[in-house]
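Commentary on secondary and tertiary structure
Each chain, written out:
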Amino acid sequence: DGVTSGTGGNPFPEQYTVCNQVEGGLDAELLHYNLSFSYSLTDDFSVGVTATWATLDMTSEVVNTAQDPLGFLVFQHPRVITPQGFAPVTSMTEIDDSDSGFAYTIGLHWHPDSAFPNRGGISPIRFGLVYRKGADLAVEETQTELGSGGTSTVDVFETTLRVPDRYGLGVSYDAWDHWTFALDVERIEYSDLLKDYRAGVNLFSNPGVSTSIFTIDPEQFEFEVDDATVVHAGVEFSLQSQGGWTSAIRAGYFNSPDNRIRLTEVNSGDPQVDRIFKDIFRGGEDVNHYTTGFSVTLPIGLQIQAAADFSDDGQEYLISSIYRFGPVR
């Protein structure tokens, strides 16, 4: 980052650069344990509930080494002066903690079977409505600074991993023998991520690090993330054997909108610095997702499913099983 100062009688150069080197890593394991059941209220209407127990184990260490030989930055520790100027200052954030929490999903399923007696009482079209309550998980993070006086703790606070709440509406249609097409619309409340959002932790927005040229005040930062509407489309090809076994192959697509928290307003007193901050905390991009999966249903009511999601952001894999009590249709 460039910091500009006047040169009239000032031995400092007109353009001065503060270099910050960041090293570290993050290891997080988020597991969801789900227990679900459904119940037919009428021949055409059923309700389902899923109880979720989420666990989070996270370790992280991020080290910032700031090269600031002329001492423009102000740190908590006294600066060591060397023949080359002020010595670098190292700050660090660490996480080694775990948490768990409860979440749930409620779904309504309308399958107007009674309107299709000529199809054996099985409707080719079905509608679903769902609400998913996300889990809030918090881990303790420690912020330290290494200076001439040794290592000291600057702050200890909670970092929250919040899964946004979601609403969904879907429809599926059995177009021909063996083929089913599905479409659903999901509303994701990404604005939940801003609840208790904490700014000023990293070096760039830390209120304890200021300069004689501009002042950093994270309380004046305005962050934003948009709620999103996501449309999923999918198709299934299924077969049923004479022994009562059913198998299916599925494929789908959806576009995941940008869900990165971005800085929209900052007032450091320097328009150039404001632009730099907005570039550091800029938004992300939409991501295309391609999905595939298969399932096998046994005559005893046991269904085993596997699915995968492929995108530029990474891959996700899922294995699940369902057991149905009563006759299987």
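Attention now goes to unusual backbone geometry. Trans is the common state for peptide bonds, and a negative phi is the common state for residues other than glycine. Phi at His-178 takes a positive value of approximately 80 degrees, unusual for a residue other than glycine. When you line up the elements, His-178 lands in the loop between strand 11 (166–176) and strand 12 (179–188). Overall, His-178 belongs to the partly exposed group, its relative accessible area being 40%.

Let's shift gears to the nonpolar core. The nonpolar side chains of a soluble globular protein tend to be buried with one another. If you look at the biggest cluster of nonpolar residues, it comprises eight residues: Ala-54, Leu-56, Met-58, Ile-95, Ala-103, Ala-135, Leu-137 and Val-139. Looking at this core, the elements that each hand over two or more residues are strand 4 (45–67), strand 7 (89–110) and strand 9 (136–147). The contact partners of Leu-137, leaving out residues within four places of it in the chain, are Leu-30, Ala-54, Thr-55, Leu-56, Asp-99, Ser-100, Gly-101, Thr-159, Thr-160 and Leu-161.

As paired strands, strand 11 and strand 12 are joined by 10 bridges and run antiparallel to one another. Bridge assignment links Gly-168 to a residue of strand 12, and that residue is Glu-186. Remark: two residues form the turn of the hairpin made by strand 11 and strand 12, two consecutive strands paired antiparallel; His-178 in that turn has positive phi of roughly 80 degrees. As judged from the 10 bridges shared by strand 12 and strand 14 (residues 228–240), these two strands associate in the antiparallel manner. Opposite Leu-183, over in strand 14, you have Ala-233 as the bridge partner.

Once that is clear, we can look at the confidence of the model for the protein chain. Of the residues in the protein chain, 88% reach a pLDDT of 70 or more, and the chain-wide mean stands at 84. This model gives residues 1–9 a pLDDT under 50, and the stretch forms 23 contacts once residues within four places in sequence are excluded.

For helix 1 (residues 271–280), the complete set of buried residues consists of Val-273, Asp-274 and Phe-277. When helix 1 is viewed along its axis, its buried side chains cluster within an angular range of 105 degrees and face the same direction. Exposed and oriented more than 90 degrees from the buried face of helix 1 are Pro-271 and Arg-275. Those residues of helix 1 that are buried lie in contact with strand 16 (262–265).

This part is about the pattern of salt bridges. Inspection of every chain in the model, using the stated rule, returns eight salt bridges. One salt bridge connects Arg-162 with Asp-136, and the closest N-O pair in it is separated by 3.2 Å. Residue Arg-162 is located in strand 10 (residues 150–162), and its partner Asp-136 is located in strand 9; the two are separated by 26 residues in the primary sequence. Of the charged contacts, one joins Arg-250 and Glu-236 as a salt bridge, the two residues approaching to 2.7 Å between their closest N and O atoms. Pair noted here: Arg-250 is in strand 15 (residues 246–256) and Glu-236 is in strand 14, with a separation of 14 residues, a long-range link.

Conventions adopted
Numbering of residues starts from 1 in every chain and runs along the sequence as written. Where totals are concerned, whole chains, interfaces and linings use all residues; where local detail is concerned, this predicted model gives features only for residues with pLDDT of at least 70, and gives and counts side-chain atom pairs only at 80 or more. Excluded from the side-chain calculations are hydrogens and water; all other atoms, namely the structure's heavy atoms, are used. By the criteria applied, helices consist of DSSP H or I runs no shorter than four residues and strands consist of E runs no shorter than two, each listed in order from the N terminus. Here the term buried applies to any residue with accessible area under 20% of the maximum for its type, exposed to any over 50%, and partly exposed to those in between, with areas from a 1.4 Å probe on protein chains only. By nonpolar core is meant a set of buried Ala, Val, Leu, Ile, Met, Phe, Trp, Tyr and Cys residues that side-chain atoms within 4.5 Å join together. By the convention used here, residues are in contact when the closest approach between their heavy atoms is within 4.5 Å. The criterion for strand pairing is that DSSP finds at least two bridges linking the strands in question. Confidence scores here are pLDDT values: one per residue, from the predictor, ranging 0 to 100. This arc corresponds to the set of directions leading from the helix axis out to the C-beta atoms. Salt bridges, as used here, are contacts in which a Lys or Arg side-chain nitrogen is within 4 Å of a carboxyl oxygen on Asp or Glu.

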